[in-house]
Amino acid sequence: MYTIKFNFEQSGLQPVTLENIQPGYSLLEVALMNDIDLHHNCGGVCACSTCHLYVNKGEDHLEELTDKEEDFIDRAVNPRLSSRLGCQCLLLDGDGNVEVTLPDQTQFLGE
Ligand code: FES
């Protein structure tokens, strides 16, 4: 089971910590199941960059970055070394803590 903390760059949004999250879900799925609004224009198939987020902690618990994912990250707003696509960050078997920051999604509404 995982504990996952979501931070938000958008002003006015407070961090959310979720506990007892099962492996096998992507961070996009975890967000959506918990009413955290993370965009996913392509439906979670690594064909856009709207589910872009930053992984601050726990990247070892996530499925590895692929070349395809990296290509789409390059097109995201403000990519950083810690950038990932939420739909591609599958939680691997195990336990631990993961912490992410969601960019201010109002920057690319309608993309
Ligand atoms: S939802 Fe499109 S790449 Fe993740």
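Our subject in this report is the structure included herewith. Sequence positions are assigned chain by chain, starting from 1 and proceeding in written order. Since the coordinates come from a predicted model, pLDDT governs what is reported: local features require at least 70, and pairs of side-chain atoms require 80 or more to be given and counted, while whole-chain, interface and lining totals use all residues. Hydrogens and water molecules were not included; the side-chain quantities draw on all heavy atoms of the structure.

1. Describing the sheet that holds strand β5 (residues 96–102)
Rules: Pairing between strands is defined by DSSP: at least two bridges between the two strands are required. Secondary structure elements are taken from DSSP: a helix is a run of H or I of four residues or more, a strand is a run of E of two residues or more, and numbering for both begins at the N terminus. To obtain an axis, a line is fitted to C-alpha atoms, over the contacting stretch when the element is a helix, and the angle between two such axes runs from 0 to 180 degrees between their N-to-C directions.
Taken in spatial order, the five strands make up an open sheet running β2-β1-β5-β3-β4, and their pairing is mixed. Whereas interior strands pair on both sides, the edge strands pair on one side only; in this sheet they are β2 (16–21) and β4 (83–85). Within the sheet, the average angular offset between the axes of one strand and its neighbour, ignoring direction, is 35°. Of the pairings in the sheet, the one linking strand β3 (residues 52–57) to β5 comprises three bridges and is antiparallel in character. Counterpart to K57 in the pairing with β5 is E99.

2. Quick word on the nonpolar core
To keep things clear, this is the line we draw: To qualify as a nonpolar core, a set must consist of buried Ala, Val, Leu, Ile, Met, Phe, Trp, Tyr and Cys residues joined through side-chain atoms within 4.5 Å. To sort residues, take the accessible area from a 1.4 Å probe on protein chains only and compare it with the maximum for the residue type: under 20% means buried, over 50% means exposed, and anything in between is partly exposed. Any pair of residues with heavy atoms lying within 4.5 Å of one another is described as a contacting pair.
Within the largest apolar cluster, 26 residues are counted, with the highest numbers of intra-cluster contacts made by I4, F6, L27, L91, V100 and L102. Once you skip the residues sitting within four places of it in the chain, L27 turns out to touch I4, F6, L53, L62, G86, C89, L91 and V100.

3. Thoughts on the pairing of β5
Of all seven residues in β5, six are buried; the element is thus mostly enclosed. With seven bridges joining them, strand β1 (residues 2–8) and β5 adopt parallel strand pairing. What sits directly across from F6, in β5, is V100.

4. With respect to the pattern of salt bridges
The condition is simple: Salt bridges, as used here, are contacts in which a Lys or Arg side-chain nitrogen is within 4 Å of a carboxyl oxygen on Asp or Glu.
Applying the stated criterion across every chain yields a total of three salt bridges. Residue E9 pairs with R80 through a salt bridge whose shortest N-O separation is 2.9 Å. Remark: R80 occurs in the loop between α2 (67–74) and β4 and E9 occurs in the loop between β1 and β2; sequence separation between them is 71 residues. We classify E9 as partly exposed; its relative accessible area is 34%.

5. Thoughts on α2
Note the threshold: The directions considered for the arc run from the helix axis to the C-beta atoms.
Taken residue by residue, α2 has E69, F72 and I73 as its buried positions. Angularly, the buried residues of α2 cover 105° about the axis, an arc narrow enough to put them on a single face. Opposite the buried face of α2, at more than 90 degrees from it, the exposed residues are D67 and D74.

6. So, the environment of P103
Looking at the secondary structure, you find P103 in the segment after β5. Measuring from C-alpha to C-alpha, the distance between P103 and H52 comes to 7.4 Å, with 51 residues separating the pair along the chain. When residues no more than four places from it in sequence are discounted, the contact partners of P103 are E9, H52, L53 and Y54.

7. Quick word on a negative patch on the surface
Test applied: Here a patch means residues that are over 30% exposed by relative accessible area and free of salt bridges, tied together within 9 Å if like-charged and within 5 Å if nonpolar (Val, Leu, Ile, Met, Phe, Trp, Tyr). Here the accessible surface of atoms and residues is derived via Shrake-Rupley with a 1.4 Å probe, and residues count as covered only by protein chains that are part of the display. His residues and chain termini do not enter the charge count, which takes Lys and Arg as positive and Asp and Glu as negative. Each charge is placed at NZ for Lys, CZ for Arg, CG for Asp and CD for Glu.
On the surface, D67, E70, D71 and D74 cluster together into a patch of negative charge. Structurally, the position occupied by D74 is in helix α2.

Geometry only, nothing functional implied.
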